[in-house]
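# Close look at the chain arrangement
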Amino acid sequence: MIPSVSSSFLLVGAVALLRAKKKTLKKTRKVFRVYMDGCFDLMHFGHANALRQARAIASVASTGGGGEGDVEGAGADVELIVGLVSDEEILRCKGPPVLPEQERVKCVRAVKWVDDIIANVPYELTKEFVEELFSEKYGIDCIVHGDDPCYLPDGTDAYAIPKALGKYREIKRTEGVSTTDLVARLLEYADASENTTSKSAGDESSGGKRSEKNERHEARFCTTASRIAQFAAKVSYSKTSKMHEETEKRKTDKKQRKNEKNEETTCCYVVGAFDVFNAGHVELLEECSFVADKVVCAVIADEYLTRDKTNQPPPMLNQSERAMSAIACRHCDDVVVGAPARLTDDICKTFNVTAVVFEDDDAVTERDRNVCEKNGVQILSVKERVFSRKKLTIAKRVQANRALFEERQKRKMASEKAYYEQKAFVAED
Ligand code: CTP
């Protein structure tokens, strides 16, 4: 039916009213702050995916449940605040942490969906602490956790209070990865490194003969195309986001310096296995982002990291799993999922590489040097500063506290088994 003049008039009026309402809403809408707490020990891509989903949930909630597409710049009205449980609290409630707080902070801060961190939070969400979170001090709107049950040492639900207040939201726990699982692999790796007769077998730079025990683990994580797309998507930040403010300031300073010196655009190509992504890796990529306009993280393909090729135990995580952590890192502009181990003329041209960095300086070969010379690419050496990027260093820490970790493993493995047995479908945001 063709609308009459009077009904068209009404329709135009209604649309104008809606538009005005939307404008006012936009002006007055506060930033929706979502809180996710945790230990984030041996920060892995499952943790990163949890943080991503927490932010996605908040995006939907901030638009009144209408989804990201409904409001212009959705996502920019959301902030994800991570509560990092203190070392003492982890020791009390779970057993010893592998990584001390300083390293856990470094890893969590590097995740691109995180806007701010509250360090040293208690494991238990007490009434007082929940009130503080919802007060003006922190301005939290809702609390999020994975669909795995989380119990306090006395067996009660750690999230009972926010649940009772109707301020709790759940996200899908990522399958096939956990701190517990990584601890088991690290223990095996540390043992394998000692069971060999030749010089320091697990040392990534020695090239010593390896024990046969440390073979590749069967991956249970599903690297779907949609997950890669979700991880690689651009994140919108609010004007008040702490982390974003820092990154933006760094970028502006760099641009200014560059303009003053009249420099060309630079691309730093960083090659490595990036196995068990850690604070040392974050430090490395961050340093590269200080010196280059673009950082491409080249995560070496599994096929180049076999025992035959490197005389090293294979990586603990497969190339997609290793790449997911790099994609989640705010210091990477792009990631090659399964890169060649060596630099080639074609790679230099494809990415317009101006500098190359190897995760392990000892991995640079004569061939790499020749390629760099031919293509005018600088080889940069980024030394470890505060944090080690060698997984053996982390594995040795686990091994040094073997009895305590084995005790913790027993408990955690039982609860993980129970979780997988009762697991049902949960949608992933
Ligand atoms: N998480 C997740 N998927 C995983 C692991 C963790 O979604 N594979 C989520 C948890 O549900 C929680 C957050 O990440 O919301 C932080 O988890 P954390 O406290 O660090 O515990 P776990 O990773 O579960 O550690 P552990 O293996 O020691 O239990």
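Scoring rules and cut-offs
- Residues numbered from 1 in each chain as written.
- Predicted model: local features only at pLDDT ≥ 70, side-chain atom pairs only at ≥ 80, totals over all residues.
- Heavy atoms only, no water.
- Helix = DSSP H or I, 4+ residues; strand = E, 2+ residues; numbered from the N terminus.
- Buried < 20%, exposed > 50% of the residue type's maximum accessible area, 1.4 Å probe, protein only.
- Areas by Shrake-Rupley, 256 points an atom, 1.4 Å probe, with all protein chains shown as cover.
- Near = heavy atom within 4 Å.
- Polar contact = N/O pair within 3.5 Å; in protein donor to acceptor, adjacent residues only side chain to side chain.
- Axes fitted to C-alpha atoms, helices over the stretch in contact; angles between N-to-C directions.
- Parallel < 35°, antiparallel > 145°, perpendicular 65-115°, else oblique.
- Left-handed = near helix turned anticlockwise from the far one by under 90°.
- Contact = heavy atoms within 4.5 Å.
- Phe/Tyr/Trp six-rings, centres within 6.5 Å; stacked < 30°, edge-to-face > 60°.
- Lys NZ or Arg CZ within 6 Å of the ring centre and 35° of its normal.
- Salt bridge = Lys/Arg side-chain N within 4 Å of Asp/Glu carboxyl O.
- pLDDT = per-residue confidence, 0-100.
- Pairing = 2+ DSSP bridges.
- Right-handed = clockwise from strand over helix to strand, strands pointing away.

In terms of regular secondary structure, the protein chain is built from 16 helices and 10 strands. Counting over 429 residues, the protein chain shows a buried share of 50%. A total of about 21,300 Å² of accessible surface is found on the protein chain, and carbon and sulfur atoms cover 54% of it.

The next subject is the site of the ligand. Around the ligand, a shell composed of 22 residues is seen, among which H47, D148, T174, V177 and K412 lie nearest. The contact in question runs from an oxygen atom of the ligand to an N or O atom on the side chain of T180, over 3.0 Å. With the chains in place, 96% of the 580 Å² that the ligand exposes on its own is no longer accessible. Residue assignment for the shell around the ligand shows that the elements contributing at least two residues are strand 1 (32-38), helix 2 (45-62), strand 4 (142-146), helix 7 (179-194) and helix 16 (402-422).

We now examine the packing of helix 4 (residues 101-109) against helix 10 (residues 279-291). At their nearest, the axes of helix 4 and helix 10 sit 9 Å apart, and the two run at 50° to each other. Overall, the two elements helix 4 and helix 10 adopt an arrangement that is oblique. As for the relative orientation of helix 4 and helix 10, their crossing is left-handed in sense. When helix 4 is examined against helix 10, the residues E103, K106 and C107 are found in contact with a partner set consisting of A279, V282, E283 and E286.

Here we come to the packing of aromatic side chains. Counted according to the given criterion, the structure contains 7 aromatic pairs. Ring centres of W113 and F231 lie 5.2 Å apart, and the angle between their planes is 75°; on these two criteria the pair is classed as edge-to-face. Taken together, the residues W113 in the loop between helix 4 and strand 3 (116-121) and F231 in helix 8 (residues 225-232) connect sequence positions 118 residues apart. Residue class for W113 comes out buried when judged on its relative accessible area of 5%. Its guanidinium or amino end placed over the ring of F134, K167 lies 4.9 Å from that ring's centre, counting from NZ or CZ. Between K391 and the ring centre of Y189, over which it is positioned, the NZ or CZ distance is 5.2 Å.

One side chain can pair with another of opposite charge once the charged atoms of both are near each other. Enumeration according to the criterion identifies 31 salt bridges in this entry. Between E248 and K251 there is a salt bridge whose closest N-O contact spans 3.7 Å. Here E248 pairs with K251, and both are found in helix 9 (residues 242-261), just 3 residues apart, close to one helical turn. Among the charged side chains, a network of salt bridges with common partners joins R52, E175, R227 and E428.

Here we take up unusual backbone geometry. Negative phi values dominate among residues other than glycine, just as trans dominates among peptide bonds. A positive phi angle, near 60°, is found at N120, a position not held by glycine. Secondary-structure assignment places N120 in strand 3.

In low-pLDDT segments, the atomic positions of the prediction should not be examined closely. Overall, the predicted model of the protein chain reaches an average pLDDT of 86, with 84% of residues at or above 70. Ignoring residues within four places in sequence, the model shows residues 66-72, a span with pLDDT below 50, making 9 contacts including any to other chains.

Attention shifts here to the sheet that holds strand 10 (residues 378-380). What the 5 strands build is an open sheet, ordered 8-7-6-9-10; its pairing is parallel. Both outer strands of the open sheet, strand 8 (334-339) and strand 10, are each paired with one neighbouring strand and no more. Taking each pair of neighbouring strands and ignoring which way they run, the sheet shows an average axis angle of 25°. As paired elements, strand 7 (residues 294-300) and strand 8 share 5 bridges and run parallel to each other. When the sheet's bridge partners are listed, V296 is paired in strand 8 with D334.

Pairing between the strands of a sheet comes from backbone hydrogen bonds, and it takes one of two forms, parallel or antiparallel. Strand order in the open sheet formed by 5 strands is 3-2-1-4-5, and the pairing between neighbours is parallel. Looking at which strands have only one partner, the edges of the open sheet turn out to be strand 3 and strand 5 (168-171). Across the sheet, the mean angle separating the axes of adjacent strands is 30° when strand polarity is ignored. Here strand 1 runs beside strand 4; their pairing, made up of 3 bridges, is parallel. Residue pairing in the sheet places Y35 in a bridge with I143 of strand 4. Of the strands in this sheet, strand 2 (78-85) and strand 3 are in contact with helix 4, which crosses strand 2 at around 165°. Docked against the sheet, helix 5 (residues 127-134) engages strand 1, strand 3 and strand 4, running at close to 120° with respect to strand 4.

Taking every second residue as pointing to the same face, both faces of strand 9 (residues 355-358) are buried, with A355 and V357 on one and V356 and F358 on the other. Bridge count for strand 6 (residues 267-272) against strand 9 is 4 bridges, and the pairing is parallel. When the sheet's bridge partners are listed, V271 is paired in strand 9 with F358. Relative to strand 10, strand 9 runs parallel, the two sharing 3 bridges. What sits directly across from V356, in strand 10, is I379. Regarding topology, helix 14 (residues 366-375) serves as the crossover connection from strand 9 to the parallel strand 10, and that connection is right-handed.

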